[in-house]
Amino acid sequence: MSSILKSSLLMGAGFSLLSLPVWGQQSKLISRANQMAEKIEQKVIDCRRYYHQYPELSNREFKTAAKIAEQLKALGIEVETGVAKTGVVGVLKGGKPGPVVALRADIDGLPVTERADLPYASKEVGEYNGQEVGVMHACGHDTHIAMLLGAAEVLVSMKDQLKGTVKFIFQPAEEGAPAGEEGGASLMVKEGVLEKGPKPEVIFGLHINSQTPVGTLKYKPGGTMAAADIVRIKVNGSQTHGAYPWNGVDPIVVSAQIINGLQTIVSRQTELTKEPAVVTIGMVHGGVRNNIIPEEVKLEGTVRTLDPEMRKDIHERIRRTATNIAESAGATAEVVFDPQTPVTFNDPALTAQMLPTLEAIAGKDNVVLADAVLGAEDFAFFQEKIPGLYLFVGGMAKDKKPSEVAPHHTPDFVIDDSGLTLGVKTLTGLTLDYMEAKSKK
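Just so we're clear, the structure is a prediction, and the values are computed from it rather than from any experiment.

Colleague: Explanation requested: the pairing of strand β3 (residues 96–106) in the structure shown.
Modeller: It is a general feature of regular strands that their side chains alternate between the two faces of the sheet. Counting buried residues in β3 gives eight out of eleven residues, a clear majority hidden from the surface. Across eight bridges, β3 lies against strand β6 (residues 163–171) in parallel orientation. Following the sheet pairing, K96 is matched in β6 by K163.

Colleague: Help me understand the pattern of salt bridges in this model?
Modeller: Should the charged atoms of two oppositely charged side chains come close, the side chains can pair. According to the stated counting rule, one finds 24 salt bridges in the structure shown. The salt bridge partner of K199 is E195, with a shortest N-O separation of 3.7 Å. Across the pair, exposure class does not vary: K199 and E195 are exposed alike. Through salt bridges with shared partners, a single ionic network connects R48, R49, D142 and D417.

Colleague: Help me out: how do you make sense of the packing of aromatic side chains in this one?
Modeller: By convention here, two paired aromatic rings are described through the distance between centres and the angle between planes. Scanning the model with the defined rule gives seven aromatic pairs in all. Residues Y50 and Y51 carry aromatic rings whose centres are separated by 5.2 Å and whose planes lie at 80° to one another, so their mutual orientation is edge-to-face. For Y50, a relative accessible area of 33% gives the class partly exposed. Looking at Y51, the relative accessible area reads 1%, which means it is buried. Geometrically, the ring pair formed by F379 and F382 is edge-to-face, given 6.0 Å between the ring centres and 70° between the ring planes. On the basis of relative accessible area, F379 is assigned to the buried category, the value being 0%. You can call F382 buried: its relative accessible area is 0%. What links up through ring pairs into an aromatic cluster is the set F379, F382, Y390 and F392. Cation over ring: K67 sits above Y50, and NZ or CZ is 5.2 Å from the ring centre.

Colleague: Which parts of the structure should I look at to understand the nonpolar core?
Modeller: Note that soluble globular proteins tend to have their nonpolar side chains buried in a common cluster. Grouped together as the largest cluster of nonpolar side chains are 66 residues, with contacts concentrated most on I68, L103, F168, F170 and F204. For this core, the element with the most residues is helix α5 (residues 141–157), which contributes nine residues. Beyond its immediate stretch of four places on either side in the chain, F170 contacts I68, L72, G87, V88, A105, I107, I145, L148, L149 and M188. I265, V279, I318 and A326 belong to the second-largest nonpolar core, a separate cluster that totals 24 residues.

Colleague: How should I be thinking about helix α9 (residues 348–362) in this particular structure?
Modeller: Residue pairs spaced three or four apart in an α-helix point in one direction, given the helix's 3.6 residues per turn. Over its 15 residues, α9 extends 20 Å from the first C-alpha to the last, a length consistent with the 21 Å expected when each residue adds 1.5 Å. α9 sits mainly inside the fold: twelve of its 15 residues count as buried. Taken together, the buried positions of α9 are occupied by A349, L350, T351, A352, Q353, M354, L355, T357, L358, E359, I361 and A362. In the stretch just after α9, G363 is the one whose phi turns positive, near 95°.

Colleague: I would appreciate a short explanation of the sheet that holds strand β10 (residues 227–236) in the present structure.
Modeller: The strands that make up a sheet pair up through hydrogen bonds in the backbone, lying either parallel or antiparallel. As summarised here, the arrangement of the four strands in space is β12-β14-β10-β15, forming an open sheet in which the pairing is antiparallel. Both outer strands of the open sheet, β12 (277–286) and β15 (332–341), are each paired with one neighbouring strand and no more. Direction aside, neighbouring strands of the sheet carry axes that sit 20° apart on average. Together, β10, β12, β14 (296–305) and β15 form the strand contacts of helix α7 (residues 251–269), whose direction differs from that of β12 by roughly 170°.

Analysis parameters
Residues numbered from 1 in each chain as written. Predicted model: local features only at pLDDT ≥ 70, side-chain atom pairs only at ≥ 80, totals over all residues. Heavy atoms only, no water. Buried < 20%, exposed > 50% of the residue type's maximum accessible area, 1.4 Å probe, protein only. Helix = DSSP H or I, 4+ residues; strand = E, 2+ residues; numbered from the N terminus. Pairing = 2+ DSSP bridges. Salt bridge = Lys/Arg side-chain N within 4 Å of Asp/Glu carboxyl O. Phe/Tyr/Trp six-rings, centres within 6.5 Å; stacked < 30°, edge-to-face > 60°. Lys NZ or Arg CZ within 6 Å of the ring centre and 35° of its normal. Core = buried A, V, L, I, M, F, W, Y, C linked by side-chain atoms within 4.5 Å. Contact = heavy atoms within 4.5 Å. Expected span 1.5 Å × (residues − 1). Axes fitted to C-alpha atoms, helices over the stretch in contact; angles between N-to-C directions.

What is shown is where atoms sit, not what they do.
Here's what the structure looks like:
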């Protein structure tokens, strides 16, 4: 990261250099934490492999939650279970007064049948949308569990020196609750996970990445992952015989025009130099026979944005484009949005404050200012309530190239376990340095 960018971040965040963590003042404690993280490396790897072998789907993480609670209790941490159905929350009170810091890991698997040849590969099955499916940790949530449990063990070992309280949040259903159910971070927030008990003033989280080299941390101030909204459009025409289209209004042709029209919202109407955006129609349903023009067509898609104002503007343009194109053909269009997650927004001030910590943990050359991604993360619901920082940690073997490894959500997804220790060090380092900085004020 350039010194100019660092300076602008610090000035924009309203920070003075005195408010930043000073590693010299923390050196002994940080060194002790890092040594402990290295000492328990194999334990964290074994833990990860256990959870990888026995994944569970969203809102069905019963055995996963029970195991997490068992491990936290064994460390002497206060535990609450059944949060947002299957979530687990642990509280560690340090020996000295200070702020409450929250650390979060997601715990659910995906309806993916594992194909990777691993001795700890998942053989689990579950039910998804009424069908029996394979279940796999195809997004690395097993590593997130293990890294957070590892961080808990490290922090417990220095409880007497801990200047504050740590709230460990093990969140279910990040991949989305089953149809007709609530779940995930939004339900945790709704149930008061940030309000009940010790109230955290900041929250940290991280995500493993199969195409980022082990030893690397990636971050971005501001919008780092997209808001995700489902858009549903119902195009109403007039049914008629396929041989006589003039006797009706063809909603299939109108739908095709709407789909093409929606693409101009991003390509011609959106200020893409500000933030990227995507409008994708992924489902089209209409018609029952080749020679019948149907009465209606249903479209469904996803809208991804990284700026709240752009999100609002694009929604309005989608509505206007669909309804006006339909009207021009004598049809009508009903547009409904189903918000899924807000923008995953890294608080710029918090990001600037913790940047020296990240560079000290991973090495300056291994901390990368990354581009935003248009995937979504419900960690964003926590960040709507308190400042948060969400990072990416490398999980790709150093002798591999991104093109040689499987992406997330695929049957061949594999993580190099040697990346877990950096995740443990990152979670503990962020916690210790944030507490130290607060104690100096």
